[in-house]
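Chains, contacts and geometry: an overview
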Amino acid sequence: MDIKNHIAKVFSFGNDELLKEIVLYASEKHFPANTELVKEGHYLKVLPLVLNGLVKVFTKHEDKELLLYYITQGETCIMSFASAINDEPSQIYAITEEDTHVILVPVDKLKQWVKTYPEFNTLLFNQYNIRYHDLMSTIHMVLFNKMEQRLYKYLTKKAEHIKIKHLKISHKQIASELGTAREVVSRVMKKLETEGFVKQEGNSIFVL
């Protein structure tokens, strides 16, 4: 399948003129896992559209981090879009969770296409809706749920996104993504294991 048809299939763009412009002006890239796509505090020159793979989006305050949401096939980072369209520095940073195939849309073309192509606006509107619910869920979990609920939800969601129940992830990384201390994660993980929700073997966590 050529790249034009691939983009059309993943993003459901039926407008041939829009597809031609994306192929002409956007760049196609493959990034390995743990590559930073968007840097906090930097002005965006391109907006990533994910063709395949998984990207995690964070916010940071002082020495604390918080995982906001994931971006997967057929999606983009709406907070990056907002920064790009308003010529503002990014308030988030985005890192590939696994090998990821993206289309990088130049910001000047992004501003043009949202005015010219309703299909492109539909994509962004849908992303606003999805991310709104993601962020509300994150806020609810942080404010109202106990740490064991937050941790188990985090593990099940990560397992769902990467499509395996065997996670190779350290307690330190989990703590970083949940905005808490490693000692807290280790204590709560032990409780979840005792209750039969997870199983730990070395640096691996099995979601049961």
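See the structure printed just above.
Being a predicted model, the structure only gives us computed values, none of them experimental.

Definitions and limits used
- Residues numbered from 1 in each chain as written.
- Predicted model: local features only at pLDDT ≥ 70, side-chain atom pairs only at ≥ 80, totals over all residues.
- Heavy atoms only, no water.
- Helix = DSSP H or I, 4+ residues; strand = E, 2+ residues; numbered from the N terminus.
- Buried < 20%, exposed > 50% of the residue type's maximum accessible area, 1.4 Å probe, protein only.
- Polar contact = N/O pair within 3.5 Å; in protein donor to acceptor, adjacent residues only side chain to side chain.
- Contact = heavy atoms within 4.5 Å.
- Pairing = 2+ DSSP bridges.
- Core = buried A, V, L, I, M, F, W, Y, C linked by side-chain atoms within 4.5 Å.
- Axes fitted to C-alpha atoms, helices over the stretch in contact; angles between N-to-C directions.
- Parallel < 35°, antiparallel > 145°, perpendicular 65-115°, else oblique.
- Nonpolar A, V, L, I, M, F, W, Y, C, P; charged D, E, K, R; others polar.

Further remarks concern the side chain of Thr76. Inspection of the secondary structure puts Thr76 in the loop between strand E5 (64–72) and helix H3 (78–85). Note on Thr76: relative accessible area 0%, which makes it buried. Of the polar contacts made by the side chain of Thr76, one reaches the backbone oxygen of Pro48; its length is 2.6 Å. Residue contacts for Thr76: discarding those within four places in its chain leaves Leu47, Pro48, Leu49, Ile71, Leu124, Gln127 and Arg131.

Summarising the sheet, strand E4 (residues 54–61) and E5 pair through eight bridges and their orientation is antiparallel. Residue pairing for E5: Val57 is matched across the bridge by Tyr69.

Ranked by internal contacts, the top residues of the largest apolar core, which has 38 residues, are Phe13 and Phe120. What Phe13 contacts, discounting residues up to four positions off in sequence, is Ile7, Ala8, Leu18, Leu19, Ile22, Glu119, Phe120 and Leu123. Within the second largest apolar cluster, 23 residues are counted, among which are Tyr93, Ile95, Met189 and Val207.

This brings us to the sheet that holds strand E6 (residues 93–96). An order of E2-E6-E4-E5 is seen for the four strands of this open sheet, with the pairing classed as antiparallel. Both edges of this open sheet fall to strand E2 (36–38) and E5, since each of them pairs with a single strand only. Going from strand to strand, the sheet's axes swing by 30° on average, the running direction of each strand aside. Note that E4 and E6 share four bridges and pair antiparallel. Pairing of Val57 across the sheet is with Ala94, part of E6. Contacts from helix H7 (residues 171–178) reach E4 and E5, with the element oriented near 90° to E5.

Another point: the packing of H7 against helix H8 (residues 182–194). Axis separation between H7 and H8 bottoms out at 8 Å; the angle between their running directions is 110°. One way to sum up the angle between H7 and H8 is to call them roughly perpendicular. Contacts between H7 and H8 involve His171, Lys172, Ile174 and Ala175 from the first element and Arg182, Val185, Ser186 and Met189 from the second. Grouping the amino acids of the contact of H7 with H8 by side-chain chemistry returns four nonpolar, two polar and two charged.

Right, let's talk about the sheet that holds strand E3 (residues 46–52) for a bit. The strand order E1-E7-E3 describes an open sheet built from three strands, whose pairing is antiparallel. Unpaired on one side and paired on the other, strand E1 (27–31) and E3 mark the two borders of the sheet. Averaged over all adjacent pairs, the angle separating strand axes in this sheet is 35°, with direction ignored. Inspection of the sheet shows E3 paired to strand E7 (residues 100–106) by six bridges, in the antiparallel sense. If you follow Leu47 over to E7, its bridge partner there is Val105. Each of E1, E3 and E7 is contacted by helix H1 (residues 3–11), which is oriented at about 85° to E3, the strand it contacts most.

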